[in-house]
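So the chains spell out like this:
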Amino acid sequence: MKPTMILTPYFIDQRSPGLDHLVAPDWIVNRPELLGDDPQARMAVLHGKLAESVETGIREDRLPVSIAGDCCAAIGVLGGLQRAGIYPHLIWFDAHGDFNTWETTPSGFLGGMPLAMLTGRGEQTLLEANQVHPLEDEKVILTDARDLDPGERETVEGSRICHLEDPRSFLERELPRGPLWVHFDTDVMDPEECPAMNFPAPGGPGADTLGEIFRFLRREGQIRALSLSSWAPELDPNGRSGKICLDLFSLLYN
């Protein structure tokens, strides 16, 4: 299945021009006009346009591949899948849980909440803006998430999502049946190997381990969408981290 490459060069609701150089002639660039000062209203526009591109790709029998500056863009990917009639299992690679709510967050950062949002917890404005329906817990596999805030950890442990602390566990288990959506937050990687991250967490798998897992997922799964939350381009002057991440990500669709 040929990919539809979609770049959303934003971090939350602010432009991230360091991602612009990735664009190839056949890529879709999600860069609509954003008005006003409300971050969530601006993000809702970004997610709506992303959902349109994802839906179009699926209806053209292509694989939507989203690259964005933050994990909240995953809301737009799910919206596009649902518009096309696909209700996937989600595999979420991340050093963090992204499972905070307003009640548990120590920082108030929306970028620490998207997986909670996607499962119907906490802030729902972004989902409601584009009529995105939350995923059932049982359709979510969170892997790694080695850096959880205390309240967030309680929420994860009290949920019905599957938390695989060791990503290599995928190599020993049967994947869910039906369509899969794989989300790759690049900070899941060991920062000693891939340091250009806004929120690095010590430890984590290296490129060789993730490469083995991604090849397994592509070979054994029924991947219908992919999304990536990028490294920090401004922390990557030589492009090394970006190349590692993109080379890994491409194993899921090339």
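Structure report, in brief. (Residues numbered from 1 in each chain as written. Predicted model: local features only at pLDDT ≥ 70, side-chain atom pairs only at ≥ 80, totals over all residues. Heavy atoms only, no water.)

## Brief notes about the sheet that holds strand β9 (residues 180–185)
And then number 1: The eight strands are arranged β4-β1-β5-β10-β9-β6-β7-β8 in an open sheet whose pairing can be described as parallel. Looking at strand neighbours, the two that pair on one side only are β4 (28–29) and β8 (162–164), the edges of this open sheet.
And then number 2: Note: strand β5 (residues 63–68) against strand β10 (residues 223–229), four bridges, orientation parallel. The partner of Ile 67 across the bridge, within β10, is Leu 228.
And then number 3: Here helix α2 (residues 74–83) sits on the sheet in contact with β5, β6 (89–96), β9 and β10, set at roughly 170 degrees to β9. (Pairing = 2+ DSSP bridges. Helix = DSSP H or I, 4+ residues; strand = E, 2+ residues; numbered from the N terminus. Contact = heavy atoms within 4.5 Å. Axes fitted to C-alpha atoms, helices over the stretch in contact; angles between N-to-C directions.)

## A word on the pattern of salt bridges
And then number 1: Considering all chains together, one arrives at 10 salt bridges under this definition.
And then number 2: The closest approach of N and O atoms between Asp 20 and Arg 31, which form a salt bridge, is 3.4 Å. Pair noted here: Asp 20 is in the loop between β3 (14–15) and β4 and Arg 31 is in the loop between β4 and α1 (39–59), with a separation of 11 residues, a long-range link.
And then number 3: Under the relative-accessibility criterion, Asp 20 is labelled partly exposed at 26%.
And then number 4: The class of Arg 31 is partly exposed, set by a relative accessible area of 42%.
And then number 5: Two residues, Asp 247 and Lys 243, come together in a salt bridge whose shortest N-O distance is 2.6 Å. Placement of the pair is Asp 247 and Lys 243 together in helix α7 (residues 240–250), with a separation of four residues, close to one helical turn.
And then number 6: Taking relative accessible area as the criterion, Lys 243 reaches 55% and is therefore assigned exposed.
And then number 7: A network of salt bridges, in which partner residues are shared, links Arg 15, Asp 20 and Arg 31. (Salt bridge = Lys/Arg side-chain N within 4 Å of Asp/Glu carboxyl O. Buried < 20%, exposed > 50% of the residue type's maximum accessible area, 1.4 Å probe, protein only.)

## Focus on the nonpolar core
And then number 1: Leu 81, Trp 92, Leu 115, Leu 118 and Trp 181 are the most contacted members of the largest nonpolar core, which totals 39 residues.
And then number 2: Sorting the residues of this core by element identifies α1, α2, β6, α3 (114–118), α4 (125–129) and β7 (140–147) as the ones contributing at least two each.
And then number 3: Residues Trp 27, Phe 93, Phe 214 and Ile 223 belong to the second largest nonpolar core, which totals 37 residues. (Core = buried A, V, L, I, M, F, W, Y, C linked by side-chain atoms within 4.5 Å.)

## Re the packing of aromatic side chains
And then number 1: Summed over the entire model, instances satisfying the criterion amount to seven aromatic pairs.
And then number 2: With 5.7 Å between their ring centres and 35 degrees between their planes, Phe 93 and Phe 170 make a pair best called tilted. Of the two residues, Phe 93 is situated in strand β6 and Phe 170 in the loop between β8 and β9; the sequence distance between them amounts to 77 residues. Across the pair, Phe 170 and Phe 93 agree in class, each one buried.
And then number 3: The interplanar angle of 35 degrees and the centroid separation of 6.2 Å between the aromatic rings of Phe 184 and Phe 249 together place this pair among those described as tilted. In this pair, Phe 184 is assigned in strand β9 and Phe 249 in helix α7, connecting sequence segments 65 residues apart.
And then number 4: The buried category is assigned to Phe 184, whose relative accessible area is 0%.
And then number 5: On the basis of relative accessibility, which here comes to 0%, the residue Phe 249 falls in the buried class. (Phe/Tyr/Trp six-rings, centres within 6.5 Å; stacked < 30°, edge-to-face > 60°.)

## Digging into the side chain of His 96
And then number 1: With respect to the helices and strands, the residue His 96 is situated in strand β6.
And then number 2: Within the structure, the side chain of His 96 is placed 3.2 Å from the backbone oxygen of Phe 199, a separation counted as a polar contact. (Polar contact = N/O pair within 3.5 Å; in protein donor to acceptor, adjacent residues only side chain to side chain.)

## Details of the pairing of β5
And then number 1: β5 sits mainly inside the fold: six of its six residues count as buried.
And then number 2: The side-chain alternation of β5 yields two buried faces, one formed by Leu 63, Val 65 and Ile 67 and the other by Pro 64, Ser 66 and Ala 68.
And then number 3: Note that strand β1 (residues 3–8) and β5 share six bridges and pair parallel. By the bridge assignment for β5, Pro 3 is matched with Leu 63.

## Comments concerning α7
Working note: α-helix, 3.6 residues per turn, so residues spaced by three or four point in the same direction.
And then number 1: For α7, the set of buried residues is Ser 241, Gly 242, Ile 244, Cys 245, Leu 248, Phe 249 and Ser 250.
And then number 2: Against the buried residues of α7 lie β5, β9, α6 (207–220) and β10.

## Observations regarding the pairing of β6
And then number 1: Within β6, eight of the eight residues are buried, which leaves it mostly tucked inside the rest of the structure.
And then number 2: Relative to β9, β6 is paired through five bridges, and the arrangement is parallel. Bridging from a neighbouring strand, Leu 90 pairs with Trp 181 of β9.
And then number 3: Pairing geometry for β6 and β7, over six bridges, is parallel. Residue Trp 92 lies in a different strand from β7, and its bridge partner there is Leu 142.

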